[in-house]
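# Observations on the three-dimensional arrangement
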Amino acid sequence: MARTPYVEKDECTSCVQCVDNLPEVFRMDDDDLAEVHNPTGADEDAIQEEMDTCPGECIHWK
Ligand code: SF4
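Residues numbered from 1 in each chain as written. Predicted model: local features only at pLDDT ≥ 70, side-chain atom pairs only at ≥ 80, totals over all residues. Heavy atoms only, no water.

## Describing the side chain of glutamate 50
Looking at the secondary structure, you find glutamate 50 in helix H2 (residues 44–53). What glutamate 50 contacts, discounting residues up to four positions off in sequence, is Gln17, Cys18, Asn21, Leu22, Phe26 and Ile59. (Helix = DSSP H or I, 4+ residues; strand = E, 2+ residues; numbered from the N terminus. Contact = heavy atoms within 4.5 Å.)

Given below as structure tokens:
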């Protein structure tokens, strides 16, 4: 079973990097914090890359 990414919103800096890079997976919510809207919108390697480069280190696997 594929792993599911999520954003720990309390730690999101609203930099929009993940949304710019992978809009198929991430979007900004009404509070300008990132969230996952489609956990299978990209392959795991691409999502892992966002986790590794997120300034807030707030994207994780469930
Ligand atoms: S890259 Fe990280 S800090 Fe930046 S918007 Fe996405 S989740 Fe938030």
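## Re the nonpolar core
Ranked by internal contacts, the top residues of the largest apolar core, which has 15 residues, are Val7, Cys12, Cys18, Phe26, Ile47 and Ile59. Those elements that place two or more of their residues in this core are helix H1 (17–21), H2 and strand S4 (59–61). With near-sequence residues (within four places) excluded, valine 7 lies in contact with Cys12, Phe26, Ala34, Glu35, Val36, Cys58 and Ile59. (Core = buried A, V, L, I, M, F, W, Y, C linked by side-chain atoms within 4.5 Å. Buried < 20%, exposed > 50% of the residue type's maximum accessible area, 1.4 Å probe, protein only.)

## Digging into the environment of glutamate 8
Here glutamate 8 is to be found in the loop between strand S1 (5–7) and H1. As for glutamate 8 and glutamate 57, which are separated by 49 residues in sequence, their C-alpha atoms are 8.7 Å apart. Glutamate 8 has contacts with Cys58 and His60, leaving out every residue within four places of it along the chain.

## Here's the deal with the packing of aromatic side chains
Note on aromatic pairs: each is described by the distance of the centres and the angle between the planes. Tallied over the entire structure, the rule returns zero aromatic pairs. Positioned above the aromatic ring of tryptophan 61 is the side chain of arginine 3, whose terminal nitrogen or guanidinium carbon lies 4.2 Å from the ring centre. (Phe/Tyr/Trp six-rings, centres within 6.5 Å; stacked < 30°, edge-to-face > 60°. Lys NZ or Arg CZ within 6 Å of the ring centre and 35° of its normal.)

## So, H2
When H2 is considered as a whole, its buried residues turn out to be Ile47, Glu50 and Met51. Projected down its long axis, H2 carries its buried residues within an arc of 100 degrees, all on one side. H2 presents Asp45 and Asp52 as exposed residues on the side facing more than 90 degrees away from its buried surface. Along its buried surface, H2 packs onto S1, H1, strand S2 (26–28) and S4. (Arc of directions from axis to C-beta.)

Without other data, these values stay purely geometric and don't point to any function.
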